[in-house]
Every structure is written in C-alpha cells, then in structure tokens.
Amino acid sequence: MSEILEHASFDAIRYAQVWEDADVLTSALDIKEEGTYLSIASAGDNALALLSKNPKAVVALDLNQTQLFLLELKVAAFKTLSYSEVLEFLGVKESSKRLAYYQSLSLSPECQNYFDNNVALIKAGVNHSGKFENYFKMFRTKVMPWIHSEKTITQLLTPRDLVARQSFYQKTWNSWKWRVMFKLFFSKTFMGYKGRDKAFFNYVEGSISEVILAHTKYALTTLEPAKNPYLHYILKGNFDKHLPLYLREENFEMIKNNLHKLQWHHQSIEEYLQTHSENFDGFNLSDIFEYMSPQAYERLLQTLLERANKNARLVYWNMMVKRSRPESLAKKLSPLKKKAEKLYARDQTFFYRDFIIEEVL
C-alpha cells in the first residue's frame, strides 16, 4: 500500500486539472503506437493527452476514487459531446447548457451518484472544482488585487520579446508586495492548509516559496507568459486561446477515437502490479515520489523495473523533494539528463524544481 495513504485524505476532488505540462510529458515518454503506458490519473488530463499519440493502451491509477470519477466524467464528455461542447461542459467556455450536457452522458452508477449529489460542480464547470484550483482562485481574487491591477496583469500576459519581458518584470512586476505576498501564500504552511494536503510535505526541507518564486520569475521572463495556459488560468481564472494538450482542437478526434484504449483503476501502483500481468513501455509518475521516504521510493522503482520493457521510460517531477535513481539501480536504470534538462527548460508548469527521465537498460 502506498505510504501517502497513511497520512493524507483522499475523499474529494483535489485537482480538477493536471498541473503538469503534457507537451513535456509526451515528449519525454517518446510514445510508440505499439506501446503500453501506465499513468497517474489525477484529474485525467494527461492520461487523455497520452491517447493523442495513438498508443496501444493507457492504464490510469489513483488512490482517490473521486479523481477517477472526474476522469470518467471527462471520458464520457469526449465520447458524447462535440469539441466546442466539451470546452463548454468543462468550464473553458461560458455555457448555460452544462446540466443538459451532463444528463446526456453515460456514466457508471457510482460516478453518476457522486455528481448527482454535487451538481453545483457540473453547473460551474468541473475544471474549476478542485481544492488546488480554489487555492489559485484565492490567490487571484484575494491576493493579486492587493499586488497588481488588472491592467498590469494584462500587460504581463501581452506578447513581447525576451528583453522586454525581463524589463517589465524588473521595473513593474517584481515589487516588494509581489515578493512578500508570494512567499507568504506559497509557503509550506499555507499551501498545506489551503492547496495540497500537509502530508504531501512530510519530506520537504527548506523554503518552498523561495524555490517557486525563482521558477516563477523564469516563467515570466525566459518563457513567454502570453502562451502559457497554466499562467493564464492562475491569473485570469481560465485559459485563453492557448490550451493544454488534451484540450486542443487538433488532438480532439484522436483522443476521442482512442478512448477505448484507456482504462482506470482505484489502486496504488503496487497493488495494480500485483494483480495484473502486463509490462509497460513508459510510466507517467507525476510527482508521487515526493510523498515517499527514500527507502519506499527505491522499493517502488524496483517494482516498476520488474514490469518494464527494455528502453521503457520513467518520467516524473520533483517539486520540493529531490528524488532520482539511486546508485543501487545504476545497472538497470539510466538517467536521460540532457533530454530532461532540455524539456524542463520549456516546461510551462513552473512549480517544479526538477524534471526526471530515466530509461530502463
């Protein structure tokens, strides 16, 4: 059983969206059409994104049954609705028809019961329903007005070249209010209380907010804020014309046609691998190793290696806890550091301190 189950709560929608860049993920996995992939489900976005690359199969796992209800709901929407209707239903576009769309979907009795009892989430657009999304809403509505005006936020999200972005950040954005309030809001204490479960920080040492602030500066200067869907959502409450991979129109039909290749299970990785026999060509492991002791992390790596095909890739993020292949597995698992660094340099979800790709030998 996964270690985090002993400490954290898994009885509500924690993430309504996946806050990990699917463009980076799919490039790192180097998905093959004949390949089978295992993915942490979370809100389902990146499991769906994997389908856009036409793999043989994707297995999504989560310890939180409610997250799997959310994935099932999104799958049903992709099956039944048009592209534009999916955007309306999820909350990307304004709509008064969400309840009617919901009533047209075919869901399991358990999933149906959950959303029937939480119909307000449907009416509001389920993409806005998670604890983490509400955390960002608090930042956007309660904190940002005290720091910067709507005009300044709009200026930040206006296209400009690198030199102009750096100048705007130094002269306009990087005020003392920005630095002070950012560090308070994204502290370990406040994030654990309002954003993520405090148990997710059991192995964190040092200042979370200092690290995130440095990465945020990178996202606002070196990367282009105008094209960053995650930044738009945090500061404006929704995506602009730039969308995460699974919501882009050019990927819609491929994902829709491949939905039969996706299955999901309410199990830990350890439990799933004990009860199923297939091997995998890649693993989207999100940032699950953050929540594990070094010993538990190494044990899970060993388990994954037993069920990995040759050249399979393990892909994961480090937010605050540094995890990478231990020397004891050096003969079985090879870090792809140059590729990981190149992809990390364009990662638009800027909360993470490191991005890891490791290949099975």
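Below is a short write-up of the structure. (Residues numbered from 1 in each chain as written. Predicted model: local features only at pLDDT ≥ 70, side-chain atom pairs only at ≥ 80, totals over all residues. Heavy atoms only, no water.)

### Re the overall build of the protein chain
On a plain count of helices and strands, the protein chain comes out with 18 helices and seven strands. In summary, the protein chain has a C-alpha radius of gyration of 20 Å against a globular reference of 21 Å for 361 residues, a match within 12%. Once the C-alpha set of the protein chain is aligned to its principal axes, its extents read approximately 55 × 55 × 35 Å. Expressed as a percentage of the 361 residues in the protein chain, the buried residues total 59%. For the protein chain, contacts bridging at least 24 residues in sequence account for 77% of all contacts bridging at least 6. Total accessible area computed for the protein chain in this model is approximately 15,600 Å², and 50% of it derives from carbon and sulfur atoms. For the protein chain, the distance from the average site of its 47 positive side-chain charges to the average site of its 42 negative ones is 7 Å. (Helix = DSSP H or I, 4+ residues; strand = E, 2+ residues; numbered from the N terminus. Rg over C-alpha atoms; globule rule 2.2 N^0.38 Å. Buried < 20%, exposed > 50% of the residue type's maximum accessible area, 1.4 Å probe, protein only. Contact = heavy atoms within 4.5 Å. Areas by Shrake-Rupley, 256 points an atom, 1.4 Å probe, with all protein chains shown as cover. Lys, Arg positive; Asp, Glu negative; His and termini not counted. Charge placed at Lys NZ, Arg CZ, Asp CG, Glu CD.)

### Section: a nonpolar patch on the surface
Side chains of Trp 146, Trp 176, Val 180 and Leu 184 sit close together on the surface and give an oily, nonpolar patch of about 450 Å² of accessible area. Sort the elements by how many residues they give to the nonpolar patch and helix H11 (residues 176-185) lands first, with three residues. You can see Leu 184 is positioned in helix H11. (Patch = residues over 30% accessible without salt bridge, like charges linked within 9 Å, V, L, I, M, F, W, Y side chains within 5 Å. Salt bridge = Lys/Arg side-chain N within 4 Å of Asp/Glu carboxyl O.)

### As for helix H10 (residues 162-173)
Buried within H10 are the following residues: Arg 165, Phe 168, Tyr 169 and Trp 173. Summarising the axial view, the buried residues of H10 lie within an arc of 100°, below the 170-degree limit, and thus occupy one face. Seen from the buried face of H10, the exposed residues on the opposite side, beyond 90 degrees, are Val 163 and Lys 171. Elements that come into contact with the buried residues of H10 comprise helix H8 (131-147), helix H9 (150-156), H11, helix H13 (208-221) and helix H14 (229-236). Taking the backbone nitrogen of Val 163 as reference, a side-chain oxygen 3.3 Å away marks Asp 161 as the first, capping residue of H10. (Arc of directions from axis to C-beta. Polar contact = N/O pair within 3.5 Å; in protein donor to acceptor, adjacent residues only side chain to side chain.)

### Overview of the pairing of strand S7 (residues 354-360)
The side chains of a regular strand alternate, first on one face of the sheet and then on the other. Most of S7 sits inside the fold, with seven of its seven residues counted as buried. Judged by which residues are buried, S7 turns out to be covered on both faces: Asp 354, Ile 356, Glu 358 and Val 360 on one side and Phe 355, Ile 357 and Glu 359 on the other are all buried. When strand S5 (residues 308-318) meets S7, the two strands line up antiparallel, connected through six bridges. Following the sheet pairing, Trp 317 is matched in S7 by Phe 355. Alignment of strand S6 (residues 333-335) against S7, held across three bridges, turns out to be antiparallel. From the neighbouring strand, Ser 334 faces S7, where its bridge partner is Glu 359. (Pairing = 2+ DSSP bridges.)

### Looking at the pairing of strand S2 (residues 57-61)
Counting buried residues in S2 gives five out of five residues, a clear majority hidden from the surface. Neither face of S2 is left uncovered, since the one carrying Ala 57, Val 59 and Leu 61 and the one carrying Val 58 and Ala 60 both have all their residues buried. Pairing analysis gives five bridges linking strand S1 (residues 36-40) to S2, with the strands arranged parallel. Residue pairing in the sheet places Ser 39 in a bridge with Ala 60 of S2. Between S1 and its parallel partner S2, the chain crosses via helix H2 (residues 45-51), and the hand of that crossover is right-handed. For S2 and strand S3 (residues 262-265), the ladder comprises four bridges, and the chain directions are parallel. In the sheet register, Leu 61 faces S3, and the bridge partner there is His 265. (Right-handed = clockwise from strand over helix to strand, strands pointing away.)

### Quick word on unusual backbone geometry
In this structure, Ser 42 takes a positive phi of about 50° despite not being glycine. Structurally, Ser 42 can be placed in the loop between S1 and H2. Under the relative-accessibility criterion, Ser 42 is labelled buried at 13%. Backbone geometry places Ser 286, a non-glycine residue, at a positive phi of 50°. Looking at where Ser 286 falls in the secondary structure, it is placed in the loop between strand S4 (280-284) and helix H17 (294-306). Overall, the relative accessible area of 9% leaves Ser 286 in the buried class.

### With respect to the sheet that holds S2
In spatial order, the strands read S3-S2-S1-S4-S5-S7-S6; together these seven strands make up an open sheet with mixed pairing. Because the sheet does not close on itself, it has two edges, and the strands there are S3 and S6. Neighbour-to-neighbour, the strand axes of the sheet open up by a mean angle of 20°, direction not taken into account. Across the sheet, helix H1 (residues 22-29) touches S1, S4, S5 and S7, and the angle it forms with S5 is around 155°. The strands touched by helix H18 (residues 337-344) within the sheet are S5, S6 and S7, with S7 carrying the most contacts at an inclination of about 145°. (Axes fitted to C-alpha atoms, helices over the stretch in contact; angles between N-to-C directions.)

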